[in-house]
Amino acid sequence: VRQHGGIDMATEGDVELELETETGGPERPPEKPRKHDSGAADLERVTDYAEEKEIQSSNLETAMSVIGDRRSREQKAKQEREKELAKVTIKKEDLELIMTEMEISRAAAERSLREHMGNVVEALIALTN
């Protein structure tokens, strides 16, 4: 290193030396094989699997209860709807008209009439569409 006007100037050899130390870096001793780490890694994998399995089973239980609740609500709503439809009065001649004109069963004709509050015209329109 030469000094020129109070500033340190690097010579060609100094620069190469600095570059060599930058690229070379500190030498590391070769890593020794670790026998105990593989067992710890295996144990980690097993515990991760067990934890995932526990999470999945709790999610499954939650999903099953949600589905069960939804089914019972739907079933209850369906029963209430059937009760409401059973209250609707229909005329026998309207029922027979729909059965003969649409060529459907008595149950289907009755259902359509009840869903349309006994209105024959609306029931027929719904059946034709």
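Since the structure is predicted, the reported quantities are computational estimates derived from the model, not experimental observations.

Calculation rules
Residues numbered from 1 in each chain as written. Predicted model: local features only at pLDDT ≥ 70, side-chain atom pairs only at ≥ 80, totals over all residues. Heavy atoms only, no water. Axes fitted to C-alpha atoms, helices over the stretch in contact; angles between N-to-C directions. Helix = DSSP H or I, 4+ residues; strand = E, 2+ residues; numbered from the N terminus. Parallel < 35°, antiparallel > 145°, perpendicular 65-115°, else oblique. Left-handed = near helix turned anticlockwise from the far one by under 90°. Contact = heavy atoms within 4.5 Å. Nonpolar A, V, L, I, M, F, W, Y, C, P; charged D, E, K, R; others polar. Salt bridge = Lys/Arg side-chain N within 4 Å of Asp/Glu carboxyl O. Buried < 20%, exposed > 50% of the residue type's maximum accessible area, 1.4 Å probe, protein only. pLDDT = per-residue confidence, 0-100. Core = buried A, V, L, I, M, F, W, Y, C linked by side-chain atoms within 4.5 Å.

### A few points about the packing of helix α3 (residues 92–102) against helix α4 (residues 106–115)
For step 1, the next point in the chain: For the pair α3 and α4, interaxial distance at closest approach is 9 Å and the crossing angle is 120°. With respect to α4, the element α3 is oriented oblique. Between α3 and α4 the crossing geometry is right-handed. Contact residues: α3 offers D94, L95, I98 and M99, while α4 offers R106, A109, E110 and L113.
For step 2, the next point in the chain: Along the lines of polarity and charge, the residues of the contact of α3 with α4 split into 5 nonpolar, no polar and 3 charged.

### A few points about the pattern of salt bridges
For step 1, the next point in the chain: Per the stated rule, a full pass over the model turns up 3 salt bridges.
For step 2, the next point in the chain: We note a salt bridge from R111 to E82, for which the minimum N-O separation is 2.4 Å. Taken together, the residues R111 in helix α4 and E82 in helix α2 (residues 35–87) connect sequence positions 29 residues apart.
For step 3, the next point in the chain: For E115, the salt bridge goes to R111, with nearest N and O atoms at 2.8 Å. Taken together, the positions of E115 and R111, both in helix α4 and 4 residues apart, correspond to about one turn of that helix.
For step 4, the next point in the chain: With relative accessibility at 33%, the residue R111 sits in the partly exposed group.
For step 5, the next point in the chain: Within this structure, E82, R111 and E115 form a network of salt bridges that share partners.

### What to know about the confidence of the model for the chain
For step 1, the next point in the chain: Residues of the chain with pLDDT of at least 70 account for 67%, and the chain-wide mean is 78.
For step 2, the next point in the chain: Summarising per-element confidence for the chain, the mean pLDDT is lowest in helix α1 (residues 12–24) (49) and highest in α3 (94).
For step 3, the next point in the chain: Confidence drops under a pLDDT of 50 for residues 19–24, and excluding neighbours within four residues, the segment shows 0 contacts in the predicted structure.

### Details of the nonpolar core
For step 1, the next point in the chain: Within the largest apolar cluster, 6 residues are counted, these being L95, I98, A109, L113, V120 and A123.
For step 2, the next point in the chain: Counting only elements with at least two residues in this core, the list comes to α3, α4 and α5 (120–128).
For step 3, the next point in the chain: Among all residues touching L95, those that are not within four sequence positions of it are R106, A109, E110 and L113.

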